[in-house]
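Descriptive analysis of the structure
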Amino acid sequence: MKVTINEQEFDYQGDPSMPLLWFIRDELKMTGTKYSCGMALCGACTVHLDGEPTRSCQLPMAAIGDKAVTTIEGLSSDGSHPVQQAWREHNVPQCGYCQSGQMMQAASLVDKKQPVSDEDIENHMAGNICRCGTYPRIRAAVKSAAEAVAIKVIK
Amino acid sequence: MTDSTISQSRRAFLKRTATASGFTLGLALLPATRGQAMFANAPSAESFAPSVFIEFAEDGNVIITCHRSEMGQQVRTSIPQIIMEELGADWQHVTINQATGDAKYGDQNTDGSRSVRRNFQRLREAGATAALMLCTAAAKGWKVDPYECVTDNHFVVHKPSGRKVAFADLISVAATLPLPKPTDLKLKSRDNWTQIGKAVPSVDLTAMTTGTAVYGQDIVMDNMCYAVIQRPPVLFSKVKSSNQAEIKKMPGVIDVIDMPAASAPALFNPLGGIAVLASNTWLAWQACNALKTEWESSENAAYNSEEYQQALLDEAAKPGEVMRKLGDFDKATSEAAKVIDASYYAPHLAQAPMEPPAATAVVTADSAEIWACVQSPQTTRQQVAGALKMPLENVTINVTLLGGGFGRKAKPDFAVEAALLAKAVGRPVKVVWRREDDIKHGYYHSVSGQRLSATIDDNSKITGWYHKTVFPPIASTFNPAANKPTDGELDLGHMDTPFDVPNLQLERGEAKAHVRIGWMRSVANVYHAFAKESFVAEVADQLKVDHRDFLLSLIGPDRHIDFAASNAKYGNYGDDLNDYPVDTARLKKVITEVTDMADWDNREQQGRFLGLAAHRSFLSYSAAVIEVKLNSRGEWTIPKAYIAIDAGTVVNPDHVKAQCEGGLIYGISCAIGQITALNGEITQSNFHNYLVARMPQTPVSIDVEIIQSEALPGGVGEPPTPPAAPALANALYAATGQRFRNLPIPLNIKTA
Ligand code: FES
Ligand code: FES
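Residues numbered from 1 in each chain as written. Chains lettered and ligands numbered in written order. Predicted model: local features only at pLDDT ≥ 70, side-chain atom pairs only at ≥ 80, totals over all residues. Heavy atoms only, no water.

Here we come to the overall build of chain B. A count of helical and extended segments in chain B gives 19 helices and 27 strands. For a compact globule of 752 residues, the expected C-alpha radius of gyration is about 27 Å, and chain B comes in at 27 Å, within 12% of that figure. For chain B, the spread of C-alpha atoms along the three principal axes comes to 80 × 75 × 50 Å. In chain B, which comprises 752 residues, the proportion classed as buried is 65%. Nonlocal contacts in chain B, meaning residues at least 24 apart in sequence, comprise 78% of its contacts between residues at least 6 apart. Put simply, chain B shows about 25,800 Å² of open surface, and 50% of that area lies on carbon and sulfur atoms. One way to put it: in chain B the 72 positive side-chain charges average out to a point 3 Å from where the 81 negative ones average out. (Helix = DSSP H or I, 4+ residues; strand = E, 2+ residues; numbered from the N terminus. Rg over C-alpha atoms; globule rule 2.2 N^0.38 Å. Buried < 20%, exposed > 50% of the residue type's maximum accessible area, 1.4 Å probe, protein only. Contact = heavy atoms within 4.5 Å. Areas by Shrake-Rupley, 256 points an atom, 1.4 Å probe, with all protein chains shown as cover. Lys, Arg positive; Asp, Glu negative; His and termini not counted. Charge placed at Lys NZ, Arg CZ, Asp CG, Glu CD.)

Residues and elements named next belong to chain B. As for its placement among the helices and strands, S69 is situated in the loop between β3 (62-66) and α2 (75-87). Its relative accessible area of 0% is what places S69 among the buried residues. Separated by 39 residues in the primary sequence, S69 and Q108 have C-alpha atoms spaced 7.7 Å apart. Apart from the residues within four sequence positions on either side, S69 is in contact with V75, Q98, T110, V374, Q375, P377, V399 and L402.

The next subject is the pairing of strand β20 (residues 462-470) of chain B. Residue and element names in this part refer to chain B. When you tally the buried positions in β20, you get nine out of nine residues, the bulk of the element. The pairing of strand β19 (residues 448-456) with β20 spans eight bridges and is classified as antiparallel. What sits directly across from S453, in β20, is Y466. The turn joining β19 and β20, which pair antiparallel and follow one another in sequence, is formed by five residues; a positive phi near 60° is taken by S460. (Pairing = 2+ DSSP bridges.)

Turning next to the interface of chain B and chain A. Across the boundary between the two partners, chain B contributes 60 residues, which contact 50 residues of chain A. Surface buried jointly by chain B and chain A totals about 4,700 Å² across both partners, of which 59% is contributed by carbon and sulfur atoms. Its largest share of buried area at the contact with chain A, chain B owes to W282, M354 and M695 of chain B, together 19% of the area lost on that side. Inspection of the chain B/chain A interface yields four salt bridges. For D218 of chain B, the salt bridge identified is with K34 of chain A, shortest N-O distance 2.4 Å. (Buried area = accessible area lost by both parts, 1.4 Å probe. Salt bridge = Lys/Arg side-chain N within 4 Å of Asp/Glu carboxyl O.)

All right, on to the domain arrangement of chain B then. All names here are of chain B. Split by domain assignment, chain B resolves into domain 1 (3-196), domain 2 (216-298 + 357-432) and domain 3 (305-349 + 444-736). Contacts between domain 1 and domain 2 engage 25 residues on the former and 23 residues on the latter. Where domain 1 abuts domain 2, roughly 1,900 Å² becomes buried across the two surfaces, and 57% of that area is made up of carbon and sulfur atoms. The tally of links between domain 1 and domain 2 comes to eight residue pairs in polar contact (both at pLDDT 80 or more). (Domains from an automatic or database assignment. Polar contact = N/O pair within 3.5 Å; in protein donor to acceptor, adjacent residues only side chain to side chain.)

Residue and element names in this part refer to chain B. Applying the stated criterion across every chain yields a total of 43 salt bridges over all chains. The partner of D437 in a salt bridge is R434, with the nearest N and O atoms 3.0 Å apart. Its relative accessible area of 3% is what places D437 among the buried residues. Taking relative accessible area as the criterion, R434 reaches 8% and is therefore assigned buried. R548 is paired through a salt bridge with D549; the nearest N and O atoms lie 3.1 Å apart. Through salt bridges that share partners, D546, R548, D549, D601, R603 and E604 make up one connected network.

A word on the confidence of the model for chain B. Residue and element names in this part refer to chain B. The share of residues in chain B with pLDDT of 70 or more is 94%, and the mean pLDDT across the chain is 93. Counting interchain partners and residues more than four positions distant, the pLDDT-below-50 stretch residues 1-45 has 99 contacts. The ipTM, which scores confidence in the relative placement of chains, is 0.98 for this predicted complex, and the corresponding pTM is 0.94. (pLDDT = per-residue confidence, 0-100.)

Residue and element names in this part refer to chain B. Taking strand neighbours across the sheet as the criterion, the three strands line up as β5-β6-β7 in an open arrangement whose pairing is antiparallel. Two strands close off the open sheet at either side, each with one partner strand: β5 (149-152) and β7 (163-166). Shown here is a sheet whose adjacent strand axes are inclined to one another by a mean of 25°, direction ignored. Note that strand β6 (residues 155-158) and β7 share four bridges and pair antiparallel. (Axes fitted to C-alpha atoms, helices over the stretch in contact; angles between N-to-C directions.)

Remember that side chains alternate between the two faces of the sheet whenever the strand is regular. Residues and elements named next belong to chain B. With five of its five residues buried, strand β11 (residues 274-278) lies for the most part within the structure. The side-chain alternation of β11 yields two buried faces, one formed by I274, V276 and A278 and the other by A275 and L277. The pairing of strand β8 (residues 225-230) with β11 spans five bridges and is antiparallel. Looking at the pairing, Q230 lines up with I274 of β11.

Turning next to the packing of helix α3 (residues 82-89) of chain A against helix α4 (residues 99-110) of chain A. All names here are of chain A. Between α3 and α4, the least distance of the axes is 9 Å, while the angle of their chain directions is 125°. With respect to each other, α3 and α4 are oriented oblique. Crossing handedness for the pair α3 and α4: right-handed. Contact residues: V83, Q84 and W87 in α3; Q99, Q102, M103, A106, A107 and V110 in α4. Looking at the contact of α3 with α4 residue by residue, the classes come out as six nonpolar, three polar and no charged. (Parallel < 35°, antiparallel > 145°, perpendicular 65-115°, else oblique. Left-handed = near helix turned anticlockwise from the far one by under 90°. Nonpolar A, V, L, I, M, F, W, Y, C, P; charged D, E, K, R; others polar.)

Mapped onto this structure's residue numbering, the UniProt feature "domain: Aldehyde oxidase/xanthine dehydrogenase a/b hammerhead" (unreviewed entry) falls at residues 210-299 of chain B. In residues 210-299 of chain B, the share of helix is 17% and the share of strand is 27%. The end C-alpha atoms are 49 Å apart. (UniProt positions renumbered as here; feature names shortened; annotations may be inferred.)

Next up on the list: the nonpolar core. All names here are of chain B. Among the nonpolar cores identified, the biggest contains 159 residues, and W465 and L728 are the most heavily contacted of them. Of the residues forming this core, the biggest block, nine residues, is contributed by helix α18 (residues 653-672). Of all hydrophobic cores here, the second largest spans 44 residues; its members include A130, L134, A174 and I196. (Core = buried A, V, L, I, M, F, W, Y, C linked by side-chain atoms within 4.5 Å.)

Attention now goes to helix α11 (residues 413-425) of chain B. All names here are of chain B. For α11, with 13 residues, the first-to-last C-alpha span of 19 Å sits near the 18 Å given by 1.5 Å per residue. Most of α11 sits inside the fold, with ten of its 13 residues counted as buried. For α11, the set of buried residues is D413, F414, A415, V416, E417, A418, A419, L421, A422 and V425. Following α11 by one or two positions, G426 has its phi on the positive side, about 70°. (Expected span 1.5 Å × (residues − 1).)

Turning our eyes to something else, we now look at the domain arrangement of chain A. Residue and element names in this part refer to chain A. Segmentation of chain A into domains returns domain 1 (2-75) and domain 2 (82-154). The distance between the C-alpha centroids of domain 1 and domain 2 comes to 21 Å. Tallying the contact residues gives 18 residues for domain 1 and 14 residues for domain 2. Across the domain 1 to domain 2 interface the summed buried area is about 1,300 Å²; carbon plus sulfur atoms make up 58%. Along the contact surface separating domain 1 from domain 2 lie zero salt bridges. Our count for the contact surface shared by domain 1 and domain 2 stands at seven residue pairs in polar contact (both at pLDDT 80 or more). For the side of domain 1 that touches domain 2, the elements supplying multiple residues, two or more each, are β3 (46-49), β4 (52-55) and α2 (72-75). At three residues, the largest contribution of residues to the side of domain 1 that touches domain 2 is made by β3. Class assignment for the residues of the side of domain 1 that touches domain 2 results in eight nonpolar, eight polar and two charged.

Residue and element names in this part refer to chain A. Most of helix α1 (residues 20-27) is tucked away: seven of the eight residues are buried. Among the residues making up α1, those that are buried are L20, L21, W22, F23, I24, R25 and D26. A positive phi of about 55° marks K29, the residue just after α1.

Structure (structure tokens):
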């Protein structure tokens, strides 16, 4: 089967029930997308499927179809997505392990280019665990990123 | 620390690293950005290495070696920052190298919140040594006094004349100079510091925001196989039979290998079981799930948490072994107008770092190389060498980034697993722990039962304080006979009870371990602070006095706790009490600070429900106020939290702030999670039944106050954690009138 990841097409011949996460990590050796729970409980493995945040640890290869997959490596070519910039501005990462997933989850909210409330952020981010406890900074960074995008839209 | 043999071996080491990297496909994934490489390549020409921490390439670029493991505390920034203070280099020309496990660095075990405090002086001296040698090289050329020269921004500057010369132009001369003696060094005075105390951004920030940071789980090698291990469901049970032969035929399976069975003491040995090696993680995982294994019974199968909880509380209720005593508590009890009593229980917890353990090994006939997310590379080296029966020098431990550690990764059993499997199968092996493995086969934070009692006279004065603690000790992991809290654990928030009472009695009781017990962030401070600070609030409430005022008066006058007066020894985290006294003034200061921040005095008029707790740990002082709110469904949230910390001299205030935020949230997780056993098997398996704080259970914002202090540096990574659970429990009492003496606290109070 053919899958498109970060605008590149790949051919996959293996077991169609294998979750996308392991194709990305073990076959393509792109390790920015993380494994932490494998049960769609933590968000570390979040990628975009046609822009929608999706837990790749629970997404069988067969279910991708012609939807475009974006991983953290494809979020921007140079780390310049507004979410990545805001993450640096707020010094969000501690160990950093959850942050690919956090940023992919946050980007899907910010990319809607709408103002976000504290409640929107909490609802949108509640599925992503950070054991280092960077949540207050994530809240602040999502807000900054959303504001930065909103300003761009107005301009 | 700084002699020429070490410089020699450092060069040899760098050459070896360069050769070894030849076959490391994983290196292709390493961040290319300067300042972020985990494994630096050797400089091309002869270099100048004035210490094991600092090396100059011929072009003047500096490689600073960080010998402590990065697990989120930003040690890869703070260690260089300390060196940079004296070195006077330009961050643009600095690369950070991650040390392998090697005795030449001194202790590398990244736990106990001691990376900064135990290295502060020696790293400043390392920087100053390099700077003085560069200054001496320049001074030779200028024929001036080297002490008239300073290093600044990668130049040596002759202060009287303003002449400058680049570091790059001094390397070849500096490399020929003898190392100065420590007494030759003139360290900068505090008011001239430009690095220490500054919020230098983390060196790994770009890698961590672009997905290029490399963790233990991320190592990839040519010809590597992926291993997933089925471990015994009950500690020390052994394989009776299994369908291995069938599993071996499954697609992608490379091999199925019996791990050596484990027995007491657990030490850092692998747990045994059956390993499945396959061409990717998922295939190994599927095949592992298809294993049908029968296990022999083990005496640990009798472990049931419900019964054990009762047994702990029963033991806590009996008179125990007195560890510290002042006055006569029994007499105080018999003469008291009122005695207040309460028991507390806290369950086992799993550290559950976001990255489950993982290690990759390459083993040949006479050497082994490991890449792993370990907190203790030297211990890992010893364990791997021992398991492979190889000389220590033939084993190299490369430390990746750690996706959280919290104590779990101080136990290198997973690296030993990888080494044994790589040897057995003759090719590189990555052992991947699944979350289920991490939750079910951990080194658990101990389960505890405690009883506290306070005696009160006719004037509502506290005359006596009693605290008995019972938990299976970490020592049981090393010696199965160990069944009492050890001195080292009692020192964490029990023996150092700072209260000013005439009659004080601190006791311990017995409890046998049935699972592996290990360190978790803040260790015994977590449950000791929970019981002590909850009980203080209870007593204040019964006496109808303000909690903060009561706590301050209980701590009493400014003083250093005199352990000799109560015939007690106090370990003080391995540091001298003269350098780091138990200082009640500093403890009271964080309490007044945090309650001021929270507008504590006006909380009732404002209708806010606040809880307070304070605790000294790892030579630092922290106090937290947590505000809770309940919705109509009975779910609590935390609109706001406040924390004040006195950690003495701080190197990077933004990192300290981040540790306060994260440490407090880790402590909230400690209040809501639990690990329980049923017939010796751990009941929980993943984040659906092992609860950790998610965004909705954490403060919307946290105000952090770092007390300005010139005291010696204290710990930072752990001290913010202990006050969280009692502050939360106290806030919930304010909001609901319910006391939470047994953890975990439910997320929904109505279902309590
Ligand atoms: S690893 Fe996919 S949600 Fe946790
Ligand atoms: S930064 Fe470590 S788990 Fe989120």
